[in-house]
Amino acid sequence: MKKAVVVAFAVIAASIVATAAHGGPKVAVASQSVSCSSTLQIAMVTPITGAAGFLGTEQLSWAKYAVSTLAPQMGLKIQLLQGDTPVEQGAAPALTLAQKYAADPKLVGIIGPSTSGDAEASAQTYFHAGIAQISPSATDTPLTYTVNGKRLGTPAFFRDVPANNVEGPTIAAYIANTLKAKNVVVFDFQEPYSQGLAASISSYLTSHGVNVTRLSAPNTTTDYSSYVTKVPGNTNVVVFPTQQPPAAQTFAEQLVEQGKSAVVFGGDGADAPAQFKYPGGYVANFAPDISGIPSDAGIVAGWKKANPTMTLGSFGPPTYGAVQIMLNAIKIACAQGKGTLKSRADVFHNVKKVTIKNWILGGTFKWSTKTNDPLNGHFYIFKIQSNGSYKLVN
Amino acid sequence: MSDRPTPSLSKHYPGESLQFFIQLSLDGLTIGSVYALVALGYTLIYGVLKLLNFAHGDVFMVGSFIGYGVLQALGGASNPVVPVWLLLVLVTLAAMAGCAVLGVVIERFAYRPLRNAPRIAPLISALGVSFFLSNSMQLEFGAQQFNYASYNLSGGALYFHGFDLDHVHIPLLRIITIGSAFALMVVLWFLVNRTRTGKAMRATSFDREAAAMLGIDIDRVIVFTFILGSALAGAAGVMFALRVPTFAAVGFTTGLKGFTAAVIGGIGSIPGAMVGGILLGCAESYTAGYWTTAWSDLVVFSILIAFMIFRPQGLFGRVDIRKV
Amino acid sequence: MSEWLPPETESPEEAVPTTGPAVGRDEWVAREGERRVSRAGWAGTVEERLRRVPWWAWLTLFVAAGSLMPLFESSGYVRLVGFNTVIYMMLALGLNLVVGWGGLLDLGYLAFFGVGSYVYAIFDSAKFGYHVPSILIIPAATIVGALVGLLVGLPSRRLSGDYLAIVTLFFLELFETVATNGNQIFGHDITGGSFGISTVFPLSFAGHTLAVQHNGIFAVSYYYLAIVMFLIVYVALFFVNNSRTGRAWRSLREDPLAAEVMGMPVNWLKLMSFATGAGVAALAGTISTALNASVYPLNFSPVVLITIYAMVILGGSGSQPGVVIGAFLVSVLLQVLQDPGQARVLFYLVIAFGVIAAYRVSVRLAIVAASTAVFGIAAHAIAASFHHSWVDGAHGGLAGVLANWVVVPEQLTPWVGQVAYLFLLVGMLCATQLRGRLRLVALPPTLYLAAFVWENEMIPNPGPARYIVLGLLLIVLMIVRPNGLLGERRVEIN
């Protein structure tokens, strides 16, 4: 028996090696030409597992749906690859994936990377390999703007949602001017998304004479009771930029439990009408609630049919949009090359030519002429109604 | 649904007031009683097997998921098909039963074959089980948070009923959490100290070989211990998730806290685990309330390291006499 | 690669009728049989020859094979995976020193990797404006790592076993907390907080900068540099292990009390073990950070720690070649499982060889194979008769061929997947308990269910699937072969 086990392990070991050797991607040449009638690949790079897995799962479901419905319409054969970048492991998985995709001549575009850290770490690799990236959620400002003489993204990095330099001030201005709050508590969760947002919101509020208290919770925190206790009773608004909508809901309920009347203001991460629905709360998002857009009704219904257990969130629709832009760019590039892509850089050179009527987030999609951001990027603010639904207020 | 229920209480306690202290203590007690239940499982299992069951936190997580499933099956928090008290009892019992089965399976397949292996072997196996459980749950149910929505149970009764202590509102949900944790501890104490099986457990924990020679069925005792410990973890999972959303990765952190509580109390000691849990919960709460929120983990872990170095046997533990 | 595996040896249990080392027999005695009995015929001769090949010859062969890889593979991905694998090998060597030789269960090991990374990043990045030459910062970071290791090792004088494990685990959590909040230490920014340090300079020697990538393809120089460092660490540790200190460590591991009674400086030995292991981890951290050009607190989470433990345990804690092979296998395994095509091939290979290893070439093997195939065809036919969308989920290549056997629906209803997964677990557990004919009956449905779950759930979700496999590997390994592939058989005294 023992010997059989040894043999088995040796065999497993040999199989691993054999599989790896057999399937490893071969030599890649960035300028290799590809026929448009063959199956082209695009890859979704997002945290599918780990603490942010909910975000990646939602994005992935929309990317799959977009590829399966849009590609046949456009006469393209597209295979969607999935790259998992769990946030627990920092930027290393994103870097490995970038090398993997750079080495794959059939891969012509990246949807993502979804987190700003991953986008920054892998931008150079993709740029040099001529691969366009369209991120539906990396909102760190220096990815497309030059900040302090430095730009972390490359000309091949695009995003179809506005940057943090829009979100923070939008939220802060609404709190200071419309809600006329005097005392505000601003949370962060010791991770880049909330810390960036919290810093920009509190600096705006402070400069507008609002009294700001900062609270910082380790991102492993599950029970916020003692933080609720620490929120001063005269607080008008608690800014709670969590990426876990149920946490925002619980926080709002626990505020009430202690008889505190502050309203909870979530960022784009808290936007999930099925999970964060405490009446009186607010969320901000780069996308309006697309279930209210008539031209999207068919898309939403189709996606729901394909994903019966999932709820419509805020990260999915921009992903659908990113796939749509990418496929359009591929189509333009294919038309230019008369059925062949001379190199995949052709795709990235054509991304900015794409405009989309009946954009999934409403209106028409156009790129800004100055940066790789959408033109007139706007953050929407919703108030949660007494029946739990979201109403656009700004 | 009315807009925002307004309890009649004073809403503003300054940081130095007595009310602030009471509220923080209440917060500490609530989460501390969850830690205590998790710690009890650690302590029981360590007592009989001398095994750090790293998978215990994940059993806790599975318990909270079972509770969620049963809650949804019974109509969800908004319109349950049974009265609220029965709903809570059923959810808790289901989680306890499910976890007990899980505990027995884990023991049977991952630890029993290693009973006589080097000490490191079951420890690594436990890490494997922990990895396996949390990722399996994530594979099947996703990484998102699940909310029991206990706020909706009979129109917020669990949040707004209760009593007032010096103008601090003590809601029913917290009373239920703390109360049932203590009730379970009493039941456990009774089982361990007043029954034959409990006596066998204590004997096994004191000296396994001698117990075996006296005719105690060690396997039965160990299975019984796993049933007890895991059922407590299941109950803790439900009590935790009644207040806080649960998710597949919650087991590691909570397990670590529970283990910490067991160590503070003195691992192997049942009253120690209870006291340790409450102390840890309060330490966290007071640190966050009076001092710093950003560094609260640092403070808690530093206290622990100091504790382990200067009093490794914990508050109630006994010093092991090493036989050579 | 397989030539790197030493020959199979007859284990003493099968050679001598008694069951393994027992009380009163020491390791040397227990290996008596192993030394005497060898295979008959040519296999025995080959085995004997292979065993006489000196360690440095194996090492040279291994490193040579590794160094030749970039000549055949110019893909940046393969090079980067190669680089990461070498880093993992170094980490495994360091951990092996602490756990395998010193017998100290150090769950804070990853923090030292982090210390090395952060020291490099702080003193060699645009963020703080320092640009210390690599030739200085690498040794400095290694020394700082070793010093921190010494500091963490201090409690180990008083603690043993599980208590030490937990204190070191707390230390890892502490390290993460400090790294995450290090941007506000008394108003100073030291670690960049949760944003990390993302502007780290690449390595530079004598004013010459070693670029990380050329035209987006990972530069091979880092790969070779890592191999050189690995070689240095390996050889240095080899000599340490064969020195007085190395022997003292092993005696400490076997029985600290006896070692102490013999007059060994037990505390000092423990500290040395901690510090040396920490130094190796810190060294690996420096070059890994230079390559990634960034460091984030999340790089040092317990998941990575458990992965390194899996490597050491799989290869065989205590054996240097063992942990290197373990690191290689686990690192490659985690990459293979991420690619649907490779994961599929691997799964069926493992299942096929597993069944063959269990039954050898026999009638029973034929029965299992045939009935599994028939079971699948039947299940497929039943599913297809309901609706074609139930079996229309896979196209092309191996997946397409297999889809004539495994049911792969276009859209799997979640509860079906959940029930199938639960049944698979129950089936697997039952299969380990049943014997003889019953097992023969239980095996085909379980195998089919495994294929179903693998195709429909594991392959579409490589993230959790990878770690499920890793977790299972740890459990199974502990039960069937706790000493790993090449580990030393140890005499355990409780």
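These numbers were taken from a predicted model, which means no experiment stands behind them.

Calculation criteria
Residues numbered from 1 in each chain as written. Chains lettered and ligands numbered in written order. Predicted model: local features only at pLDDT ≥ 70, side-chain atom pairs only at ≥ 80, totals over all residues. Helix = DSSP H or I, 4+ residues; strand = E, 2+ residues; numbered from the N terminus. Rg over C-alpha atoms; globule rule 2.2 N^0.38 Å. Buried ≥ 20, exposed ≤ 12 C-beta atoms within 10 Å, placed from the backbone. Contact = placed C-beta atoms within 7 Å. Domains from an automatic or database assignment. Nonpolar A, V, L, I, M, F, W, Y, C, P; charged D, E, K, R; others polar. Pairing = 2+ DSSP bridges. Axes fitted to C-alpha atoms, helices over the stretch in contact; angles between N-to-C directions. Parallel < 35°, antiparallel > 145°, perpendicular 65-115°, else oblique. Expected span 1.5 Å × (residues − 1).

Focus: the overall build of chain A
For chain A, the helix and strand inventory stands at 11 helices and 14 strands. For a compact globule of 394 residues, the expected C-alpha radius of gyration is about 21 Å, and chain A comes in at 23 Å, within 12% of that figure. Its C-alpha atoms give chain A principal-axis dimensions of roughly 65 × 65 × 45 Å. Every one of the 394 residues in chain A was classed for burial, and the buried ones make up 61%. Partitioning the contacts of chain A with sequence separation of at least 6, the portion at a separation of at least 24 is 72%.

Describing the overall build of chain B
A tally of regular secondary structure across chain B gives 12 helices and 2 strands. Written out in order from the N terminus, the α and β elements of chain B read α-α-α-α-α-β-β-α-α-α-α-α-α-α. Taking 324 residues into account, the globule formula puts the C-alpha radius of gyration at 20 Å, and chain B, at 20 Å, falls close to it. Taking the principal axes of its C-alpha atoms as reference, chain B extends roughly 65 × 45 × 40 Å. Relative to its 324 residues, chain B shows a buried fraction of 58%. Within chain B, residue pairs in contact and separated by at least 24 positions form 76% of the contacts whose partners lie at least 6 positions apart.

Notes on the domain arrangement of chain A
Residues and elements named next belong to chain A. Splitting chain A by domain gives domain 1 (2-162 + 296-353) and domain 2 (165-285 + 380-392). A straight line from the C-alpha centre of domain 1 to that of domain 2 covers 32 Å. Taken together, the contact between domain 1 and domain 2 spans 11 residues of the former and 11 residues of the latter. Split by residue class, the side of domain 1 that touches domain 2 holds 3 nonpolar, 7 polar and 1 charged.

Observations concerning the sheet that holds strand 9 (residues 237-239) of chain A
Residues and elements named next belong to chain A. Spatial ordering of the open sheet is given by 8-7-9-10-11-13-14, a layout of 7 strands whose pairing is mixed. With partners counted over all chains shown, the strands left at the sheet margins are strand 8 (211-216) and strand 14 (390-392), one partner each. Taken over all neighbouring pairs, the strand axes of this sheet differ in orientation by 25° on average, direction set aside. Bridge analysis of strand 10 (residues 263-266) against strand 11 (residues 282-285) gives 2 bridges, and the strand direction is parallel. When the sheet's bridge partners are listed, Gly266 is paired in strand 11 with Val283. Where helix 5 (residues 164-178) meets the sheet, it contacts strand 7 (183-188), strand 9, strand 10, strand 11 and strand 13 (380-384), and its direction lies at approximately 150° from that of strand 11. Docked against the sheet, helix 6 (residues 192-207) engages strand 7, strand 8 and strand 9, running at close to 160° with respect to strand 7.

Regarding the packing of helix 5 (residues 55-72) of chain C against helix 10 (residues 220-241) of chain C
Residue and element names in this part refer to chain C. The interhelical angle for the contact between helix 5 and helix 10, taken along N-to-C directions, is 170°, at an axis separation of 10 Å. Our classification of the angle between helix 5 and helix 10 gives roughly antiparallel. Taking contact as the criterion, the partners of Leu59, Val63, Gly66, Ser67 and Pro70 in helix 5 are, on helix 10, Val220, Tyr223, Tyr224, Ile227, Leu231 and Tyr234. Residues of the contact of helix 5 with helix 10, tallied by class, amount to 9 nonpolar, 2 polar and no charged.

With respect to helix 15 (residues 320-336) of chain C
When the terminal C-alpha atoms of helix 15 of chain C are compared, their 24 Å separation across 17 residues agrees well with the 24 Å that a helix rising 1.5 Å per residue should span. Within helix 15 of chain C, 17 of the 17 residues are buried, which leaves the element mostly enclosed by the surrounding structure.

Concerning the interface of chain B and chain A
Facing the 37 residues of chain B at the interface are 38 residues of chain A. Of the residues forming the side of chain B that touches chain A, the biggest block, 5 residues, is contributed by helix 1 (residues 18-49) of chain B.

Some points on the sheet that holds strand 2 (residues 40-46) of chain A
To summarise the sheet geometry, strands pair through backbone hydrogen bonds and adopt either a parallel or an antiparallel arrangement. Residue and element names in this part refer to chain A. Taken together, 5 strands build an open sheet; the order of strands is 3-2-4-5-6 and the sheet is parallel. With partners counted over all chains shown, the strands left at the sheet margins are strand 3 (78-84) and strand 6 (157-159), one partner each. Taken pair by pair, the neighbouring strands of this sheet meet at an average axis angle of 25°, ignoring direction. When strand 2 meets strand 3, the two strands line up parallel, connected through 7 bridges.

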